[in-house]
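# Observations on chain architecture
Residues per chain are reported as follows:
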Amino acid sequence: MEQSWRWFGPDDVVPLRAIRQAGARGVVTALHQIPYGVVWSEEEIRKRQGLIEADPEMGLHWNVVESLPIHERIKLDEGDQTELYDNYRASMRNLAACGIKTICYNFMPVVDWTRTTLYQPLPGGGRALRFEAYQYAAFDCFMLRRPGAEEEHGAALVARAKKWFDAAPQSDKDTLLSSIMAGLPGAFDRYDIPALRNMLERYKGVTPAILRERLVKFLREVIPLADELGMRFAIHPDDPPRSLMGLPRIVSSAEDFRYMAAAVPSLANGITLCTGSLGAGAQNDIPAIAGEFAERIHFVHLRNVAKEADGSFQEAEHLGGDTDMVKVVETLLREQKRRQEAGRADWRMPMRPDHGHELLDDINKGSFPGYSAIGRLKGLAEIRGLMVAISQLEKLPL
Ligand code: DNO
């Protein structure tokens with residue numbers, strides 16, 4: 001696999017040289033400074049590419065865009081979207097002209113990945129991302145005060161949530177809100193409670209079936225051009241793979257991928273296999289999903305989570321947690337071999353270690369939540385070890 005690393009651009013406290021030291025060559029990035037819906041010009045793309053490739057000795061290159069974001073009005077199917085689609089396709093053409101052809105994106109309404117705790121202490125002083133079900137219920141029921149939320153969460157969780165909410169100082173509630181909002185990269189679209197309520201209102205009546213239709217509409221607007229340009233789209237699954245704040249989420253299971261593939265069969269309509277996002281859902285068997293959709297996997301995020309009975313989960317070590325990473329990696333290496341034998345020049349899949357614990361000198365460095373240097377370096381090193389072992393034992397190309 002093509003070992004890669006997410007870089008948030010010049011403002012990322014984890015510099016490009018850390019990527020090289022961690023042993024990756026592929027750089028996964030986005031022009032986070034450009035507002036959603038605005039064209040990524042070839043000039044801006046080349047500028048970023050220039051930074052990444054400035055030192056030829058490091059041998060880094062920009063291999064995946066994560067993400068080319070979809071404007072909320074497309075998910076809302078609001079107003080005339082012609083210009084948004086024209087701009088999106090213009091960005092695709094500009095990226096393709098620069099040789100960048102793998103696009104990661106998501107179709108989560110309002111929020112992206114969502115946690116309640118960004119700094120859960122680990123034994124020995126590390127820190128992890130965590131989703132605590134009763135705190136999320138407290139947010140939904142008593143901070144957002146969403147009608148119907150209490151019934152959805154169930155009595156036991158609501159009772160625990162209420163106890164927490166009544167005792168917690170305002171500063172803890174503020175931290176909870178900012179933790180829940182932390183998943184939106186870049187400087188745009190972070191909401192406070194009134195703005196969130198307003199967004200939820202705009203999604204009122206949007207069922208999963210309706211959102212699915214909108215996703216298919218988006219795919220029909222972009223996948224034909226992706227085919228023409230030789231680009232690959234890789235949808236990122238919902239994280240966590242369940243409805244949040246009553247919003248529909250439609251990229252959470254094998255069934256959802258089946259629906260997408262049937263609606264727009266081109267292989268350019270592919271997926272990002274994010275083992276951590278999918279792995280937080282009890283409905284998902286990750287090695288089985290990797291096997292079933294192997295030919296559509298254009299990008300891989302490897303990470304593990306440990307689930308708890310009440311719906312809470314915590315980010316585990318990359319080879320710990322509930323997902324059988326050995327099986328997943330073996331399945332992916334087999335798919336690579338199949339692609340190689342089919343004569344595809346780009347048979348190697350871009351892979352990045354997703355999220356890492358904050359470890360040792362990571363603490364208080366100001367890296368983006370989940371994107372510490374040492375934690376991810378450890379994750380990548382463990383996965384690399386696994387890849388090499390499987391490749392040698394099973395005679396599969398790395
Ligand atoms: C979280 C990331 C996601 C991902 C987007 C892709 O750490 O994996 O935020 O970048 O959902 O569009």
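Residues numbered from 1 in each chain as written. Predicted model: local features only at pLDDT ≥ 70, side-chain atom pairs only at ≥ 80, totals over all residues. Heavy atoms only, no water.

## Some details on the pattern of salt bridges
Where charged atoms from two side chains of opposite charge approach closely, those side chains can pair. This structure, assessed with the given rule, holds 35 salt bridges. A salt bridge links Asp 140 to Arg 146, with the nearest nitrogen and oxygen atoms 2.8 Å apart. Given a relative accessible area of 0%, Asp 140 falls into the buried group. One salt bridge in this structure joins Glu 335 and Arg 339, with 2.8 Å as the shortest N-O distance. Highlighted residues: Glu 335 and Arg 339, both in helix 14 (residues 325–341), separated by 4 residues, approximately one helical turn. (Salt bridge = Lys/Arg side-chain N within 4 Å of Asp/Glu carboxyl O. Buried < 20%, exposed > 50% of the residue type's maximum accessible area, 1.4 Å probe, protein only. Helix = DSSP H or I, 4+ residues; strand = E, 2+ residues; numbered from the N terminus.)

## Let's talk about the sheet that holds strand 5 (residues 117–121)
With antiparallel pairing, the 4 strands of this open sheet are ordered in space as 5-6-11-10. Across the chains shown, the open sheet's two edge strands, defined by having one partner strand only, are strand 5 and strand 10 (305–307). Pairwise comparison of adjacent strand axes, ignoring direction, gives a mean angle of 35° for this sheet. Bridging between strand 6 (residues 127–131) and strand 11 (residues 313–315) involves 2 bridges; their strand directions are antiparallel. By the bridge assignment for strand 11, Phe 131 is matched with Phe 313. (Pairing = 2+ DSSP bridges. Axes fitted to C-alpha atoms, helices over the stretch in contact; angles between N-to-C directions.)

## Some details on the sheet that holds strand 12 (residues 350–353)
Ordered in space as 1-2-3-4-7-8-9-12, the 8 strands form a closed barrel in which the pairing is parallel. If you compare each strand with its neighbour and ignore which way they point, the axes differ by 30° on average. Where strand 9 (residues 297–302) lies against strand 12, 3 bridges are found, and the strand directions are parallel. Residue His 301 lies in a different strand from strand 12, and its bridge partner there is Arg 352. Sitting on the sheet, helix 10 (residues 208–229) is in contact with strand 4 (102–106), strand 7 (232–236) and strand 8 (269–274), with an inclination near 155° to strand 7. (Contact = heavy atoms within 4.5 Å.)

## With respect to the site of the ligand
Near the ligand you find 14 residues, and of these Glu 66, Ser 67, Asn 106, His 355 and Tyr 371 are the closest. In the environment of the ligand, an oxygen atom lies 3.1 Å from a nitrogen or oxygen atom belonging to the side chain of His 236. With respect to the ligand, the side chain of His 355 contributes an N or O atom lying 2.5 Å from an oxygen atom. Against a free-state accessible area of 330 Å², the protein chains account for coverage of 99% of the ligand. (Near = heavy atom within 4 Å. Polar contact = N/O pair within 3.5 Å; in protein donor to acceptor, adjacent residues only side chain to side chain. Areas by Shrake-Rupley, 256 points an atom, 1.4 Å probe, with all protein chains shown as cover.)

## Observations concerning empty space enclosed by the protein
In the structure shown here, the tally under the stated rule is 4 cavities of 30 Å³ or more. Volume-wise, the second largest cavity comes out at about 110 Å³. Along its surface, the second largest cavity is lined by 15 residues, and Tyr 36, Gly 37, Val 38, Pro 69 and Tyr 88 are the ones closest to its centre. No other element matches helix 4 (residues 82–97), which puts 4 residues into the lining of the second largest cavity. For the lining of the second largest cavity, the residue count by class is 11 nonpolar, 4 polar and no charged. (1 Å grid on protein atoms, 1.4 Å probe; cavity = no way out; pocket = protein on both sides within 12 Å on 5 of 7 lines; lining within 4 Å. Points joined across faces, edges and corners; volume = space filled by probe spheres on them. Nonpolar A, V, L, I, M, F, W, Y, C, P; charged D, E, K, R; others polar.)

## Description of the domain arrangement of the protein chain
Domain boundaries assigned for the protein chain yield domain 1 (2–108 + 205–309 + 320–394) and domain 2 (117–182). Summarising the inter-unit geometry, the C-alpha centres of domain 1 and domain 2 are found 28 Å apart. Each partner contributes residues to the interface: domain 1 has 15 residues there, and domain 2 has 18 residues. Counting the surface lost from both domain 1 and domain 2, the interface buries some 1,200 Å², and carbon and sulfur atoms represent 60% of this. At the surface where domain 1 touches domain 2, the tally comes to 3 residue pairs in polar contact (both at pLDDT 80 or more). (Domains from an automatic or database assignment. Buried area = accessible area lost by both parts, 1.4 Å probe.)

## Some words on the environment of Ile 19
Mapped onto the elements, Ile 19 comes out in helix 1 (residues 16–22). The spatial distance from the C-alpha of Ile 19 to the C-alpha of Lys 173 is 35 Å, given a sequence separation of 154 residues. Apart from residues lying up to four places away in sequence, Ile 19 is in contact with Trp 5, Trp 7, Ala 24, Gly 26, Val 27 and Leu 60.

## Some details on helix 2 (residues 42–53)
For helix 2, with 12 residues, the first-to-last C-alpha span of 16 Å sits near the 16 Å given by 1.5 Å per residue. Turning to helix 2, its buried residues number three or more, namely Ile 45, Arg 48, Gln 49 and Ile 52. Seen end-on, helix 2 carries its buried residues on one side only, within an arc spanning 100°. Residues of helix 2 that are buried make contact with helix 1, strand 2 (26–29), strand 3 (61–66) and helix 4. (Expected span 1.5 Å × (residues − 1). Arc of directions from axis to C-beta.)

## Comments concerning the packing of aromatic side chains
The tally for this structure, following the rule as stated, stands at 12 aromatic pairs. Ring plane angle 40° and centroid distance 4.2 Å describe the contact between Phe 8 and Phe 368, whose orientation is recorded as tilted. One end of the pair, Phe 8, is in the loop between strand 1 (2–6) and helix 1; the other, Phe 368, is in the loop between strand 12 and helix 15 (373–394), with 360 residues separating them in the sequence. Classification of Phe 8 as buried rests on a relative accessible area of 10%. A residue is classified by how much of its surface remains accessible, and Phe 368, at 34% relative accessible area, is partly exposed. Aromatic side chains Phe 107 and Phe 218 sit 6.3 Å apart centroid to centroid with 40° between the ring planes, which places their arrangement in the tilted category. (Phe/Tyr/Trp six-rings, centres within 6.5 Å; stacked < 30°, edge-to-face > 60°.)

## A word on the side chain of Asp 140
For Asp 140, the location among the structural elements is in helix 5 (residues 133–143). A polar side-chain atom of Asp 140 sits 2.8 Å from a polar atom in the side chain of Arg 146. Residues contacting Asp 140, with those up to four places away along its chain left out, are Arg 145, Arg 146, Ala 149, His 153 and Met 245.

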